[in-house]
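Now for the letters of each chain:
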Amino acid sequence: MADNASLLARREQAVPRGVASSTAVFADRADNAELWDVEGRRFVDFAGGIAVLNTGHRHPKVMAAVQAQLERFTHTAFQVCPYESYVALAEKLNAAAPFSGPAKTLLLTTGAEATENAVKVARAATGRSAVIAFTGGFHGRTLLASAMTGKTTPYKRRFGPMPGEVFHAPFPAGLNGNTVERTLEAIQYLFAADVEPERVAAFIVEPVQGEGGFHVAPPAFLEALRALADQHGILLIADEVQAGFARTGKMFGIENSGVEPDLVCVAKSLAGGFPLAGLIGRAPLMDALDPGGLGGTYGGSPIGCAAALAVLEVIEEDGLCARAAAIGQRMRTRVEGFAAAGLPVANIRGLGAMFGFDVTNAAGETDGALAKAVTVAALERGLILLSCGTKGETIRVLVPLTASDELIDEGLDLVEQALATVAGKVMA
């Protein structure tokens, strides 16, 4: 079998440089929250495939459901020959929807498809065209999704012009002066200077920002957005692609605020590692489009639907919402201890097991280069760890919710060692 170095050389020759990889570790096999590379080295996985593996690598129930489906059929296209698993999954998601009243669900393949279709539904249902998103938000890599994403590099740089009628207001992360009050003032400025509220179809917001730095949307902010939406006939889209499916201690992140959205974008951990996404919405909104206006060749893959039905069973049977809350508290306690011991940690935050913190330099400033150095030092010790944030300054933890306390503690020990190594180099 090839080693990491030879595979990396082949990758560089065969794959565009625009497709970045956080590590040069080539996976060979994985189980729950552990991964082994092609050279046989074991890693603790704190990345979870970027929030895709809340139920872990190869959960037995998910694998059994997929194997059973493989024995029956792999594809028909739901628009040609529908199948029960699509309907059953839609029923389950409708029942779990974080809003009152009847719901309907469209199944898709990627998170970007979910956010784009949310805008399509919002425009059709309201007869309006504009969308307001927020700085630091990430909504996908397709062109409209990139336009809604609140970060230029690398998601918009050299890809313009972006689709029109997408506007941004500051996200109230509580850092750099971005308060709820400032955000609400900025929205009023948009209404006064750029787009009248009667032309706005939707607000789109992540209840916890993913790529933007694991910043939690304050409940007061979401409540104000809901009030503005109701006042002006605007829809509220919750992008739950990264925060959904028990990660925050609730099935959906927005449930922590008590605010009800109109449309909910889902993907990532929905199907335990298989490509599947969806849009859950209030039934009258979802029915605003004519037949044929929604869909996709692979949308709602029967393999993905089988996996997702098993994932929802695992979340309920294993109590993963409560488990996420316990994991989050365990991580917070340890990282607060790192900060108390003088390690370069600041701005500890998150909901449940969607947990992050910033890495700081000798001057106490957040530092993206040092956060990257922490992930490199962690990898050298056998831990897959990711950074994020508008400047890459944040360490984010997305360990599978099925990981044992012992494995989580092992990973946190490696985080501590990595921080100490980087701190030593900075202070030297």
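Our subject is the structure listed above.
### Details of helix α10 (residues 302-317)
Consideration 1: Over its 16 residues, α10 runs 23 Å from end to end, which matches the ideal 22 Å to within 8%, given 1.5 Å per residue.
Consideration 2: In terms of residue burial, α10 counts as a mostly covered element, since 13 of its 16 residues are buried.

### So, the packing of aromatic side chains
Consideration 1: Summed over all chains, the structure comprises eight aromatic pairs.
Consideration 2: Considering the side-chain rings of Phe78 and Tyr83, the 5.5 Å spacing of their centres and the 85 degrees angle between planes classify their relative orientation as edge-to-face.
Consideration 3: Residue classification places Phe78 among the partly exposed positions, given a relative accessible area of 22%.
Consideration 4: Taking the centre distance of 5.2 Å and the plane angle of 85 degrees together, the rings of Phe134 and Phe221 count as edge-to-face.

### So, the packing of helix α4 (residues 84-96) against α10
Consideration 1: Closest axis-to-axis distance for the α4/α10 pair is 9 Å, and the angle between their directions is 35 degrees. The interaxial crossing formed by α4 with α10 has left-handed handedness. Contacts between α4 and α10 involve Ser85, Tyr86, Ala88, Leu89, Lys92 and Leu93 from the first element and Pro302, Cys305, Ala308, Leu309 and Leu312 from the second.
Consideration 2: Partitioning the contact of α4 with α10 into residue classes produces nine nonpolar, one polar and one charged.

### A word on the side chain of Gln209
Consideration 1: By the element assignment, Gln209 lies in the loop between β7 (200-205) and α8 (219-232).
Consideration 2: For Gln209, a relative accessible area of 3% translates into the label buried.

### Quick word on the side chain of Glu211
Consideration 1: For Glu211, the position within the fold is in the loop between β7 and α8.
Consideration 2: Overall, Glu211 belongs to the buried group, its relative accessible area being 17%.
Consideration 3: Looking at Glu211, its side chain comes within polar contact range of the side chain of Tyr155, at 3.1 Å.
Consideration 4: In contact with Glu211, not counting residues within four places along its chain, are Phe138, Lys151, Tyr155, Gln242, Cys388, Gly389 and Arg396.

### Observations concerning the pairing of strand β3 (residues 42-45)
Consideration 1: With three bridges joining them, strand β2 (residues 34-37) and β3 adopt antiparallel strand pairing. Across the sheet, residue Trp36 finds its bridge partner in β3, namely Arg42.
Consideration 2: Both β3 and strand β13 (residues 383-384) contribute to a ladder of two bridges, which runs parallel. Looking at the pairing, Val44 lines up with Leu383 of β13.

### Description of the pattern of salt bridges
Consideration 1: A complete count under the given rule lists 20 salt bridges for this structure.
Consideration 2: For Glu165, the salt bridge is made with Arg199, and the minimal N-O distance between the two is 2.7 Å. In this pair, Glu165 sits in the loop between α6 (143-148) and β6 (166-169) while Arg199 sits in the loop between α7 (180-193) and β7, placing the two residues 34 residues apart along the sequence.
Consideration 3: Under the relative-accessibility criterion, Glu165 is labelled partly exposed at 25%.
Consideration 4: Where Glu416 meets Arg334, a salt bridge forms, and the shortest distance between an N and an O atom there is 3.3 Å. Taken together, the residues span a long stretch of sequence, with Glu416 in helix α13 (residues 405-427) and Arg334 in helix α11 (residues 320-340) at a distance of 82 residues.

Criteria and thresholds
- Every chain begins its residue count from 1, and numbering advances along the sequence as written.
- Predicted model: local features are reported for residues with pLDDT of at least 70 only, side-chain atom pairs are reported and counted for 80 or more only, and whole-chain, interface and lining totals are derived from all residues.
- Just so you know, side-chain values use all the structure's heavy atoms and leave hydrogens and water out.
- Helical segments are the DSSP runs of H or I of at least four residues, strand segments are the runs of E of at least two, and each set is numbered from the N terminus.
- How far a helix is expected to stretch is found by multiplying one less than its residue total by 1.5 Å.
- The buried label goes to any residue with under 20% of its type's maximum accessible area, the exposed label to any with over 50%, and the partly exposed label to all in between, with areas taken from a 1.4 Å probe on protein chains only.
- When two rings of Phe, Tyr or Trp (its six-membered ring) have centres within 6.5 Å they constitute a pair, described as stacked for plane angles under 30 degrees, edge-to-face for angles over 60, and tilted for the intermediate range.
- What counts as an axis is a line fitted to C-alpha atoms, over the stretch in contact for a helix, and the angles between N-to-C directions run from 0 to 180 degrees.
- Take the far helix as the reference: if the near one is turned anticlockwise from it by less than a right angle, the crossing is left-handed, and if turned clockwise, right-handed.
- By the convention used here, residues are in contact when the closest approach between their heavy atoms is within 4.5 Å.
- Amino acids are sorted into nonpolar (Ala, Val, Leu, Ile, Met, Phe, Trp, Tyr, Cys and Pro), charged (Asp, Glu, Lys and Arg) and polar (every other residue, Gly among them).
- Pairing of N or O atoms within 3.5 Å defines a polar contact, subject to two protein rules: one partner must be a possible hydrogen donor and the other a possible acceptor, and residues neighboring in sequence count only if both atoms are side-chain atoms.
- Strand pairing is assigned whenever DSSP detects at least two bridges linking the two strands.
- One side-chain nitrogen of Lys or Arg within 4 Å of one carboxyl oxygen of Asp or Glu is enough to make a salt bridge.

In short, shape yes, function no, at least from these values alone.
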